[in-house]
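Topology and contacts: notes
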Amino acid sequence: MQSEVIQDGTGNYLKIRGTDREEISDSIFTYQEIEGFLPLELRWINGQKECIYDISGRICLRKYLEKEDFSQKDIQRLFCQIFDMADCVEQYLLDSQSIVLQEEFLFYDPSKEKWEGVYYDGYKQGIPESVGCLLERIMEKMDQKDKELVFFVYGMHKLTRGAGCTRNMMRDYIVDDIPKETGDISKGETDDSVSYLKPQEVSFLPADRDRPQQKLVIRGCLLPGMILVAGMVLPAVLWWQGMFRRPLSGETDWIKFVGAVLFFLAVSGYGAWKTIPGSFQEIKGKNILYHNEEREQNKVCLIPQTGTEDTIPIPQFPYRIRAGNSGRGRQPCVNILQEAGIIMVVDEESGLDIFHNDRKLPAWQKTRLDDGDLLRIGEREYVVEITQPEYVM
């Protein structure tokens, strides 16, 4: 596919030299404007087709990545609109794999704050593969100090390289990572417009990026310390108030005092031990990562027991499997976690019947998953496949 950018007195244009025959898509894009695509003018020079696209006032993705200080939200908007392009062309019964997802053929219109692309019948590449290549270019240009952007881009890139990656999986990954107040950034909608799945359906969505949260770690260590201090101070206070003095002589009953000290230390020590945070601790419904949690994680896939479903890769942990809920607020879900190299599943009151090896799981109880285990979620049954650890960025 030969292309070049030309300039004249009326503006800037992208010219792509095509074949010697006209395609159905040429007529569709020539005679009407398709949302998300550059305006097309078709010319014939010596029997050869030339596709002319007006790119005046627009900047291609390559220059955008080099010059612009982009954020996670900007990259989310880019891919949301790419997936909207694919949905749009399929409504015209066209092949979405012919959208040219390359950095020289995607253009940003600052006036509309929208991305526009090119459809070309001679180009064929799967969307997950194309998205993965775009993410690699973004990795080269992004600010490595922007932790939210880095976690998002690397997580999505890993998803595109997984087995059975689909457009819906990538879209769900993006939507799940959008802050609640922004809603659907591709359409400018609020959280009220989000459609929820029916109770018998499940949606496999990666969870939020796990990052160290130092303030919460300090709070988690403060409570055990206070319990231990109270266990040591309380016997001394009781002794000072005369709790352990004999009624007649006024001397200290050391047997009672030592017994009370041991009792208070044992009780406070047990309380402190129960409140010391592990690698992950559920605090008020939030997943907290404590200090230097291991960076090597097992690779896990859920293999369906029916031939009509694709294998579900789990790109990161924790990993949410959501149930339908028409209400607002946090949706109930099933969580798959990894703690100290052990894979576990937790039913967070999802409303689904969760069975592990034919045993129904109680809510909020962590249950270990091993390679080859059967996990039934609602009406769907999967075999858990756990492979060797790999390094996680």
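Position numbers for residues start from 1 in each chain and track the written sequence from start to end. Only residues with pLDDT of at least 70 are given local features in this predicted model, and only at 80 or more are side-chain atom pairs given and counted; all residues enter the totals for whole chains, interfaces and linings. Excluding hydrogens and water, the side-chain figures rest on all heavy atoms present in the structure.

1. Description of the pairing of strand β19 (residues 374-377)
The two faces of a sheet get side chains in turn, since along a regular strand they alternate between them. Type-normalised accessible area, obtained with a 1.4 Å probe on protein chains alone, sets the label of each residue: buried when under 20%, exposed when over 50%, and partly exposed for intermediate values. Helix and strand definitions here come from DSSP, where helices need a minimum of 4 consecutive H or I residues and strands a minimum of 2 consecutive E residues; each element is numbered from the N-terminal end. Of the two faces of β19, only one is covered, namely that formed by Leu-375 and Ile-377; the face formed by Leu-374 and Arg-376 stays uncovered. As defined by bridge partners, strand β16 (residues 354-356) adjoins β19 across 3 bridges and the pair is classed as antiparallel. Counterpart to Phe-355 in the pairing with β19 is Arg-376. Note: two strands are recorded as paired if DSSP finds a minimum of 2 bridges between them.

2. Quick word on the pattern of salt bridges
Salt bridges are defined as contacts in which a side-chain nitrogen from Lys or Arg sits within 4 Å of a carboxyl oxygen from Asp or Glu. Counted under the stated rule, the structure contains 20 salt bridges. Across the pair Asp-370 and Arg-368 runs a salt bridge, and its minimum N-O distance is 3.0 Å. The class of Asp-370 is partly exposed, set by a relative accessible area of 34%. Since its relative accessible area comes to 49%, Arg-368 is described here as partly exposed. Put simply, Asp-84, Asp-87, Glu-90, Arg-167 and Arg-171 are held in one network by salt bridges that share partners.

3. Topic: the sheet that holds strand β3 (residues 40-45)
Overall, antiparallel pairing links the 4 strands, which are arranged β1-β2-β4-β3 in an open sheet. The open sheet has two edge strands, β1 (2-8) and β3, and neither has a second partner. Neighbouring strand axes in the sheet, compared pairwise and without regard to direction, differ in orientation by 30 degrees on average. The contact definition used throughout considers only heavy atoms, calling two residues in contact when any of these lie within 4.5 Å. Every axis corresponds to a line fitted to the C-alpha atoms, with the helix fit spanning only the stretch in contact, and the corresponding angles, defined between N-to-C directions, vary from 0 to 180 degrees. Its contacts with the sheet put helix α1 (residues 24-31) on β3 and β4 (48-54), and the angle it makes with β3 is roughly 125 degrees.

4. Details of unusual backbone geometry
Even without a glycine there, the phi angle at Asn-46 is positive, about 55 degrees. Structurally, Asn-46 can be placed in the loop between β3 and β4. Although it is not a glycine, Leu-93 sits at a positive phi angle of roughly 60 degrees. On the basis of relative accessibility, which here comes to 79%, the residue Leu-93 falls in the exposed class.

5. Considering the packing of helix α3 (residues 72-91) against helix α4 (residues 127-141)
Remark: α3 packs on α4, axes separated minimally by 12 Å, with the N-to-C direction vectors making an angle of 160 degrees. For the element pair α3 / α4, the angle class is roughly antiparallel. Classified by chirality, the crossing of α4 by α3 is right-handed. The residues of α4 that touch α3, namely those facing Ile-75, Leu-78, Phe-79, Ile-82, Phe-83 and Ala-86, are Ile-127, Val-131, Leu-134, Leu-135 and Ile-138. Following the grouping adopted for this structure description, the nonpolar residues are Ala, Val, Leu, Ile, Met, Phe, Trp, Tyr, Cys and Pro, the charged ones are Asp, Glu, Lys and Arg, and the polar ones are all others, Gly among them. Of the residues assigned to the contact of α3 with α4, the class counts are 11 nonpolar, no polar and no charged. Our angle categories are set so that under 35 degrees counts as roughly parallel, over 145 as roughly antiparallel, 65 to 115 as roughly perpendicular, and the remainder as oblique. For a crossing to be left-handed, the near helix must be turned anticlockwise from the far one by less than a right angle; the clockwise case is right-handed.

6. Quick notes on the environment of Leu-94
Here Leu-94 is to be found in the loop between α3 and β6 (107-109). For Leu-94, a relative accessible area of 13% gives the class buried. Sequence spacing of Leu-94 and Ser-25 is 69 residues, and the spatial spacing of their C-alpha atoms is 7.3 Å. Beyond its immediate chain neighbours, meaning those up to four positions away, Leu-94 contacts Ser-25, Ile-28, Phe-29, Val-89 and Tyr-119.

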